[in-house]
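Listed below are the residues making up each chain.
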Amino acid sequence: MCAQPTPRPRERDGSSPLHRDASTARPPWRRPLALALAAAAVVVPALALLGLVAAILVGTRTAAACLASIEAPRGPALPDCRPEIRWFALPSRLPWTHRAASELAEELGVRAAIADYTDAAVGRPDGAALVGATEAVATAQATVAAGTGRVTFDELGPACGAPSLGREAARLGDRRTLLSQPDRWTDWHVRVHTLRAALTEGDLQRALAIAKEYAAMEPRDEDLRTTTGAILCLGASAEAKRGIELLTLNQDDRASRRYAGMARNWGEVRAVLVACAARAGVEPPPMPEAPEAGVADAVEVRLAQRARLAAARKDAAEATQRATRAIRDLLGTSAALDPEARGDLLAVVLAKDEALDAAEAAALARPDDDGDEPVAGEASLDGAPARAEPRVPTALPASSLRALDWLPERGLARPVIAGSLRARAAARAAELAAAPQLSPSQADALRAAAGALALRAARELALEGDAPRAVDALDRLGPLAPEAARALARSSAWALVGERDRALDLVERVDLAAAPPALRAAVLLQRAELLASSGRRRDAARAAVLADEEAAAARAAVPASEAMPARAELALLDARSRWTRLSLALPPGDSPLRQGSPPAQLTAGHAAAWPWVGFASLDAPWARDDQPALSRALSAWSAARDAPPPTRRALRYAALRRRGDAPPALVPYAALSAQLLGDGEGDPEVWLDAFLALDASRFSLRSYAFARAEAARWRGDEGSAAAWQRRYDALRAVASDPARAEIARYLGI
């Protein structure tokens, strides 16, 4: 009989008394703990991630607010936004937030560095601080290059480009930084700014040294290549020959290539090239044959240059005859030629063509004259004797008699003719006008031409620094201008050579009772400017108010049927008088704004405080009677000048973003801009360098230097005035050299 097997309890099924007791004794908290730990394993990383994201969002908001406060009304201390980088420190160390946090930290560092640099020019202008802030910008530039390499930043404020010390220096007109390391700049436009900075300083040798460095780098951009080549042409023969090589490349390139359907003309480059070859003593390269792109424009400039250079040829007489014949052909066939260009070319013919008779000269001076009037001594068709007395010539425009209007325009748009040649032409025209065979209209044409030539001769001689000869040329005007006009022109000649006391005496003694309103306004305006330069601020303010009232009366008296040129001249005189009044008038005794102007008040947002007027175009709406933009701009400037320091600081930042709208009245505009700085708030020269950096390219370097010198005198800064006067004198010496005249004009000198 087999024994029955005894069943054994299964382990861990709870049937064993041992396990049944152990199961009953398990703590109740173990399962919840396990669940809590599992949840924590999920939630804690999520919370950590969300916390880092929240830190980035908070840091972005606080950093952006701090950066925005820099351009808002504030005290003199620049807000330090760099501590806000703490929000991005930890997130930048973790892989899932590294990229976003690192980019924001980089952008904050970039904007803080640029803010330091800008504040040294705008917020609290200081030359030493400007120099000290350059290293931070250079460091930020290197950081971006080694980091993200981005070209734009737009997370913490308005979009801005990647940091570049050269671009920032050009933007703020920091000539010292641009000139300290010219070989460091890689952008072609920064190099052009560097060359212009050397010219603005009046340092031709420095400009030549930099141009030689850039020429050795074989510049590819044609604007840099042309600027470099033209500056080299101002140097010695060896430098000029290298300039010829660069200019020839541009001439041939413009004549043969189109870019996106666009072509650039090359007549001005050709004129510079020919002048450069003459300085180097070599023959200029040939002109392009059958050009397929740009054309050889600037015909008037090149014809006048050809006549000037003919005297240096072996066959001087024959070459001069050919040149003057070409000019006569152009004058005779181009009735629509610009009046000023016609006068310039007429001066060349009158001075150089001895075979020109009176009738031919009159026909060239007034090509639209039908010549049907009988000559003196003959009878008219009805048998009555012909009128032999001269007609009353048209009065000279008042806007052409003021010193500040005599300063040269930028560029080589018109022929370059020496003042001595213009004076000879004026004398010849006056002599030919007395010829008995001329009709009254022909004689009038030559007398008017003689007056215009004498006035232009005086202007050029004064710009060359020869006031006595300029005054002698003005004495030839005779009955062509009233005494007040001649006194104003003489005053302008002396003012441009620095004889301000003599210039002021002329406009203070002149009798204005019989003068027309426009001429009275011009005389009073020049009187106000000269008084301000002499430190007589109260007298200058009164003269400016009187000038503005006369200008308003003159403009109101012009009928709607008046020709557009005359209306444009009055609009220009009117605008200049209003800017001068605003700059010089001292309330409460003198109102800075004309009666009927909008009230002097600022808009709610400082960024919109400066209305755009459009002064870059002289036929823009600002010159029309029904356009209020100019009045609004003047009122905004008046309110800005009287605002408290924190508001003025914010307005300077806003003005920096609205540059490029400087009026033709650059002297009062610069003087008024300096008034956005109160006593002890910073260096006006550093601020003006930044504020006018963009507008300066619209004016010739001589005009800019003269305006800065006068603006410094108006505010009593004799040191700055002397520095700018030295620069003006150096630029005048270059531009007055006939052999370098076309080159200097092309360079904007």
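Everything below is about the structure printed above this text.
Thresholds, definitions, all that
Chains are numbered independently. Their residues run from 1 in the order of the written sequence. A pLDDT threshold of at least 70 governs which residues receive local features in this predicted model, and a stricter bar of 80 or more applies before side-chain atom pairs are shown or counted, although totals over entire chains, interfaces and linings include all residues. Hydrogens and waters are ignored; side-chain quantities use all the structure's heavy atoms. The convention used is that axes are lines fitted to C-alpha atoms, helices contributing only their stretch in contact, and that angles between N-to-C directions extend from 0 to 180 degrees. Working definition: helices are DSSP H or I runs of at least four residues, strands are E runs of at least two. Numbering for both runs from the N terminus. Working rule for angles: under 35 degrees goes down as roughly parallel, over 145 as roughly antiparallel, 65 to 115 as roughly perpendicular, anything else as oblique. Each crossing gets its hand from how the near helix is turned against the far one by less than a right angle, where anticlockwise is left-handed and clockwise is right-handed. Note on definitions: a residue-residue contact is assigned when non-hydrogen atoms from the two residues lie within 4.5 Å. Residue polarity is assigned by list, with Asp, Glu, Lys and Arg as charged and Ala, Val, Leu, Ile, Met, Phe, Trp, Tyr, Cys and Pro as nonpolar; anything else, Gly included, falls into the polar class. Points on a 1 Å grid over protein atoms alone make up a cavity when a 1.4 Å probe fits among them but cannot get out, and a pocket when they form an open set with protein on both sides within 12 Å along at least five of seven lines; lining residues each have an atom within 4 Å of a point. Grid points are joined across faces, edges and corners, and a volume is the space filled by probe spheres set on the points. Aromatic rings from Phe, Tyr and Trp, with only the six-membered ring used for Trp, were paired whenever their centres fell within 6.5 Å, and each pair was classed as stacked if the ring planes differed by under 30 degrees, edge-to-face if by over 60, and tilted otherwise. Summary of the burial criterion: residues with accessible area below 20% of their type's maximum are buried, those above 50% are exposed, and those between are partly exposed, where the area comes from a 1.4 Å probe applied to protein chains only. Placement of a charge over a ring requires the Lys NZ or Arg CZ to be within 6 Å of the ring centre, with the centre-to-atom vector within 35 degrees of the ring normal.

Some remarks on the packing of helix α18 (residues 419-433) against helix α19 (residues 440-463)
- Contact geometry for α18 and α19: axes closest at 8 Å, N-to-C directions at 160°. Relative to α19, the element α18 is oriented roughly antiparallel. Viewed along their axes, α18 and α19 form a crossing whose handedness is left-handed. Where α18 approaches α19, its residues Gly419, Ser420, Arg422, Ala423, Ala425, Ala426, Ala429, Ala430, Leu432 and Ala433 are matched on the opposing element by Ala443, Leu446, Arg447, Ala450, Leu453, Ala454, Arg456, Ala457, Glu460 and Leu461.
- Partitioned by chemical class, the residues of the contact of α18 with α19 number 14 nonpolar, two polar and four charged.

Topic: empty space enclosed by the protein
- Scanning the entire structure with this criterion turns up four cavities of 30 Å³ or more.
- Put simply, the largest cavity is a space of about 240 Å³.
- In terms of lining residues, the largest cavity is bounded by 14 residues, among which Gly173, His193, Thr200, Ala693 and Ala696 are the most central.
- Looking at the lining of the largest cavity, the elements with two or more residues in it are α7 (175-180), α8 (188-200) and α30 (701-714).
- Counting residues per element, the lining of the largest cavity draws most heavily on α8, which supplies four residues.
- Classifying every residue of the lining of the largest cavity by side-chain character gives seven nonpolar, four polar and three charged.
- In this model, the second largest cavity occupies a volume close to 150 Å³.
- The element that contributes the greatest number of residues to the lining of the second largest cavity is helix α26 (residues 629-641), accounting for three residues.
- Each residue belonging to the lining of the second largest cavity can be placed in one class, and the counts come to 13 nonpolar, no polar and two charged.

Quick look at the packing of aromatic side chains
- Under the counting rule described, the total for this entry stands at nine aromatic pairs.
- The interplanar angle of 85° and the centroid separation of 5.6 Å between the aromatic rings of Tyr704 and Trp724 together place this pair among those described as edge-to-face. With Tyr704 in helix α30 and Trp724 in helix α31 (residues 718-735), this pair connects stretches of sequence that are 20 residues apart.
- Looking at Tyr704, the relative accessible area reads 5%, which means it is buried.
- Measuring from centroid to centroid gives 5.4 Å for Phe706 and Tyr728, while their planes differ by 65°, and the two rings are edge-to-face. With Phe706 in helix α30 and Tyr728 in helix α31, the pair connects residues that are 22 residues apart, well separated along the chain.
- By relative accessible area, which is 3% here, Phe706 ends up buried.
- Against the face of Trp494 rests Arg502, its NZ or CZ located 3.9 Å from the ring centre.

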